[in-house]
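These are the residues of each chain, in order.
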Protein chains: 2
Amino acid sequence: MRQAEFDREQVLRSALKAFLNKGYGKTSMQDLTKATGLHPGSIYCAFGNKRGLLVASVEQYKADRDAQFAATFPSDAPVLPCLKRYLDELVNECHSCDSSRACFLVKALNEMADQDAELQAELSTSLESWQAALEAQIQRAKDQGELAADKNPAVLARYLVMGIYGLRTYAQTHPQREVLQQLADQLYLSICH
Amino acid sequence: MRQAEFDREQVLRSALKAFLNKGYGKTSMQDLTKATGLHPGSIYCAFGNKRGLLVASVEQYKADRDAQFAATFPSDAPVLPCLKRYLDELVNECHSCDSSRACFLVKALNEMADQDAELQAELSTSLESWQAALEAQIQRAKDQGELAADKNPAVLARYLVMGIYGLRTYAQTHPQREVLQQLADQLYLSICH
DNA sequence: GACATTCTTGAACGATCACTCAAGAACTTT
DNA sequence: AAAGTTCTTGAGTGATCGTTCAAGAATGTC
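Procedures and definitions
- Residues numbered from 1 in each chain as written.
- Chains lettered and ligands numbered in written order.
- Predicted model: local features only at pLDDT ≥ 70, side-chain atom pairs only at ≥ 80, totals over all residues.
- Heavy atoms only, no water.
- Phe/Tyr/Trp six-rings, centres within 6.5 Å; stacked < 30°, edge-to-face > 60°.
- Helix = DSSP H or I, 4+ residues; strand = E, 2+ residues; numbered from the N terminus.
- Buried < 20%, exposed > 50% of the residue type's maximum accessible area, 1.4 Å probe, protein only.
- Lys NZ or Arg CZ within 6 Å of the ring centre and 35° of its normal.
- Contact = heavy atoms within 4.5 Å.
- UniProt positions renumbered as here; feature names shortened; annotations may be inferred.
- Axes fitted to C-alpha atoms, helices over the stretch in contact; angles between N-to-C directions.
- Parallel < 35°, antiparallel > 145°, perpendicular 65-115°, else oblique.
- Left-handed = near helix turned anticlockwise from the far one by under 90°.
- Nonpolar A, V, L, I, M, F, W, Y, C, P; charged D, E, K, R; others polar.
- Salt bridge = Lys/Arg side-chain N within 4 Å of Asp/Glu carboxyl O.

## Points about the packing of aromatic side chains
Okay, step 1: Within the structure shown, the criterion is met by 14 aromatic pairs over all chains.
Okay, step 2: For the pair Tyr165 of chain A and Tyr170 of chain B, a centre-to-centre distance of 6.2 Å together with 50° between the ring planes defines the contact as tilted. Placement of the pair is Tyr165 of chain A in helix α8 (residues 153-171) and Tyr170 of chain B in helix α8 (residues 153-171), with the two residues belonging to separate chains. The burial state of Tyr165 of chain A is the same as that of Tyr170 of chain B; both residues are buried.
Okay, step 3: Pairwise contacts between aromatic rings join Phe69, Phe73 and Tyr86 of chain A into one cluster.
Okay, step 4: One residue, Lys50 of chain B, lies across the ring of Tyr24 of chain B, its end atom 4.5 Å from the ring centre.

## Quick word on the environment of Asp114 of chain A
Okay, step 1: Positionally, Asp114 of chain A belongs in the loop between α6 (104-112) and α7 (117-143).
Okay, step 2: In this structure, Asp114 of chain A is in contact with Leu20, Asn21 and Lys107 of chain B, ignoring residues within four places of it in sequence.

## Description of the UniProt feature "DNA-binding region" (unreviewed entry) in chain A
Okay, step 1: Summarizing the sequence annotation, UniProt attributes the feature "DNA-binding region" (unreviewed entry) to residues 28-47 of chain A in the numbering used throughout.
Okay, step 2: Secondary structure content for residues 28-47 of chain A is 80% helix and 0% strand, while the C-alpha to C-alpha distance between its ends is 15 Å.

## So, the packing of α6 of chain A against α7 of chain A
All names here are of chain A.
Okay, step 1: Between α6 and α7, whose axes approach to 10 Å, the crossing angle comes to 150°. By the angle between their directions, the pair α6 and α7 is classed as roughly antiparallel. The way α6 lies across α7 gives a crossing that is left-handed. Here Leu105, Val106, Ala108, Leu109 and Met112 of α6 come into contact with α7, specifically with Leu119, Gln120, Leu123, Ser124, Ser126 and Leu127.
Okay, step 2: Across the contact of α6 with α7, the residue classes break down as eight nonpolar, three polar and no charged.

## Comments concerning the pattern of salt bridges
Residue and element names in this part refer to chain A.
Okay, step 1: Considering all chains together, one arrives at 18 salt bridges over all chains under this definition.
Okay, step 2: Note that Asp64 and Arg13 form a salt bridge whose closest N and O atoms lie 2.8 Å from each other. Linking Asp64 in helix α4 (residues 50-72) with Arg13 in helix α1 (residues 8-22), this pair joins segments that are 51 residues apart in sequence.
Okay, step 3: Judged by its relative accessible area of 27%, Asp64 falls in the partly exposed class.

Set out below in structure tokens:
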């Protein structure tokens, strides 16, 4: 017996970065071997093919984001300050130079949806569960009296998701911190009134 | 002398549709010859190369959108009803089956920005001038007393652009009319208070 | 109707792509 | 330390890509 020599999570994060930089279609296997340090044969042994590496990268991304989400919204804390911090972190991420301004799920969806129905379905349900998690937090805020009783959490969550999509897109032409921060603040106020 | 046999505008709209369907990278010249009815040589004669066809398509798209914008915002009409109608048309467009849910400018920007700085700059300025046109309308609404005097047109226009980006992205996973219409209405209210 | 000019046609080219596989390297077991 | 097993290596494969170009078709001029 002999164990594989690479760290799967690290490989997936490297691949993800490569995909984010160039997009799936224009990331060649050569790019991926350089980014991950793995040779073609190893990649095909571990992930089947290029698409398999993308799928695995998506899952890793999802897991990382879920962990980050849970850390930002502790279950015993007031919700609205956490939401504010969540948006501030989003602004930071969009402002930073590395090309993680776009959400990987949305970017993959935009590029692949027309040609890969299966992947589209998986990405859609991931985004759906993210929206559901936001909705649950808004519901909790309502239950705790942080939000007016006449608010509809489902509607607010949808609007919030739309706003975050828009913010990430806007950041691609306007990465200036002040602009993004102002937009995020307006979005926050739209939710809280 | 002999004139070219194809209608340039129609060719560009066909090419644009092909690019929108598959994305620039995955639209092959074979796809483009089929979509436009032109043979490779004719395309290269008229537009230089594949990228040239994209650039020309972008310009055609821009011109078409500008005309549509001018038609939606007549200079002698009240602004807010026009804005409402503008958003309703957007909902219609996102709801329709053909794959024009994404703005071509944004789609191209997302796919090409990292690899084509020149195109990125052109797309950015196009989007900028669109935002400026929206800002001018909002300013006019303010001047005509349709909006409160303490509103900042530049800030509102930015927020509106962000919201439209978000709506178009949201439509890619949720093309249902009711959902999109509700989001558009919320966005409209965020602008008008 | 014949010549000159321009446009159209589509087969062919080099480059690049995702992917394969047989040989060598490295680790575990005995 | 030697054998056995698994992982690693990277040159090679067929397919597809964007692009070219020389020959043929169609138009305008005399």
